[in-house]
Amino acid sequence: MKHKNLRFFCSALVFLALLTLILIPLSRLLARKSLALPWNTTTKISGFYNEEQEQFEVMFFGPSHAYAAFSPLELWEETGVKSYVFATQQQPLWATYTYIKEALKTQSPSLVVVECRMAFGDQEYYDEGVNFSYMDDIPLSWNKAALALRSVPDTEGRLALLFNFMMYHDRWNDLHRQDFTFRRSQARDPYKGYVMLPPKEESWPRPDVEAVAGRTPLLEKNRYWLEEIVRLCREEGAALWLVKTPSNLEPEEKALLNSVEDAAARLGVPFHDFNEDYAAIGLSEDMFHDEHHLDAFGASRFTRFFARALTEGWPGLRADWEDPSWTADMAVYQEELESYRSGVTG
């Protein structure tokens, strides 16, 4: 009897191993991939895992407000400090926590900067579009499994996030050549996670929120994961800076941001709202790609202003001015920025 049970157990293990060997490549093939510029999130997230270890002195996390605002190449040119933007669309705080843990597997940043827009969120669980946008591109791991548990309330949904073959199994007719040729192990993003958004011929007036002094309480789940992020950074010996990038805050957002500022003070974490610095940054209403995201010129000005605040607040950050690969990436970046400038002024 024991022999039969052992044989069954071994057969089951072999079956599961074979099934995994089949499903993982299929999942990678069928999974939705964001590869088209400027929204090539798959390249940016996958590319991080291929970066040199112990390279980044500063790491940025958060939602699209982070990846549209922080330009690591501009920051490097100003300060010599290397950084990466490990951000995804509408990245909730529980995903930010996981992304920090993932980054700490290969990097030891002295400073973690969290763009706190998603602390405003009013949902305990987001829709599939948001969930898969932050789940698809990180490798299978215990961190990913824990994130799936936090992201959806039911077992079926959690399994789909972990094994996205369940989500994308009917994508056969939508496959393109890049689905077959893209290799995550070879991905590299020269912009280090930054999304360079093209200028638009529109102006986005800044709402008047100066008189908003009230506080709207944060969702309990957001409050909890904000505290967990603070705890994690302290355990890992990384300083944490909570920021809000320029994004034309609405009055209801300002009331929530006031609560974030209070929480930061209570937790002993530095906080800064850069929406209060438009004049000092040199931002104008036409430096936004849309109502809430900086365009390439706005991000350039903001990053250079941020660089000064960074060196004032953390003057001992490690600098590396002489990396030829960053010099080459900066040339590519400047060429694209100049093409936007020519298009706007021409």
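The residue numbers shown here count from 1 along each chain, following its written sequence. For this predicted model, a pLDDT threshold of at least 70 governs which residues receive local features, and a threshold of 80 or more governs which side-chain atom pairs are given and counted, while totals over whole chains, interfaces and linings are taken from all residues. By convention in this description, side-chain values take in all heavy atoms of the structure and omit both hydrogens and water.

(A) Local environment of unusual backbone geometry. Phi at Gln-90 takes a positive value of approximately 50 degrees, unusual for a residue other than glycine. Along the polypeptide, Gln-90 turns up in the loop between β2 (83–87) and α5 (93–103). For Gln-90, a relative accessible area of 33% corresponds to the partly exposed category. In this model, Asn-248 sits at a positive phi of 55 degrees, which is unusual for a non-glycine residue. Here Asn-248 shows up in the loop between β4 (239–244) and α12 (251–267). Labels follow the DSSP assignment, with helices taken as runs of H or I lasting at least four residues and strands as runs of E lasting at least two, numbered in each case from the N terminus. Only protein chains enter the calculation, and the probe is 1.4 Å; a residue is then buried if its accessible area is under 20% of its type maximum, exposed if over 50%, and partly exposed in between.

(B) Structural context of the pairing of β2. Within β2, 5 of the 5 residues are buried, which leaves it mostly tucked inside the rest of the structure. Residues Ser-83, Val-85 and Ala-87 point to one face of β2 and Tyr-84 and Phe-86 to the other, with burial holding for every one of them. Between any two strands, pairing holds if DSSP finds at least two bridges. With 5 bridges joining them, strand β1 (residues 58–62) and β2 adopt parallel strand pairing. Following the sheet pairing, Phe-61 is matched in β2 by Phe-86.

(C) Representation of the environment of Glu-201 within the structure. In this structure, Glu-201 sits in the loop between α10 (177–181) and α11 (220–236). Since its relative accessible area comes to 86%, Glu-201 is described here as exposed. Considering only alpha carbons, one finds Glu-201 and Phe-288, 87 residues apart in sequence, at a separation of 9.6 Å.

(D) The packing of aromatic side chains, seen in detail. By convention, a stacked pair of Phe, Tyr or Trp rings (six-membered ring in the case of Trp) has centres within 6.5 Å and planes under 30 degrees apart, an edge-to-face pair has planes over 60 apart, and any other such pair is tilted. Counted by the stated rule, this structure contains 27 aromatic pairs. When the ring of Phe-48 is compared with that of Phe-86, the centres are 4.3 Å apart and the planes differ by 35 degrees; the resulting orientation is tilted. One end of the pair, Phe-48, is in helix α2 (residues 41–48); the other, Phe-86, is in strand β2, and 38 residues separate them in sequence. The two residues Phe-48 and Phe-86 agree in class, both being buried. An aromatic cluster of at least three residues, connected via ring pairs, comprises Phe-48, Tyr-49, Phe-56, Phe-61, Trp-76, Tyr-84, Phe-86, Tyr-99 and Trp-326. Only lysine NZ and arginine CZ atoms are considered, and such an atom sits over a ring when it is within 6 Å of the ring centre and within 35 degrees of the ring normal. Positioned above the aromatic ring of Tyr-278, the side-chain terminus of Arg-206 is 4.2 Å from the ring centre. Here the guanidinium or amino end of Lys-221 rests over the ring plane of Trp-94, the centre of that ring lying 3.8 Å away.

Geometry only, nothing functional implied.
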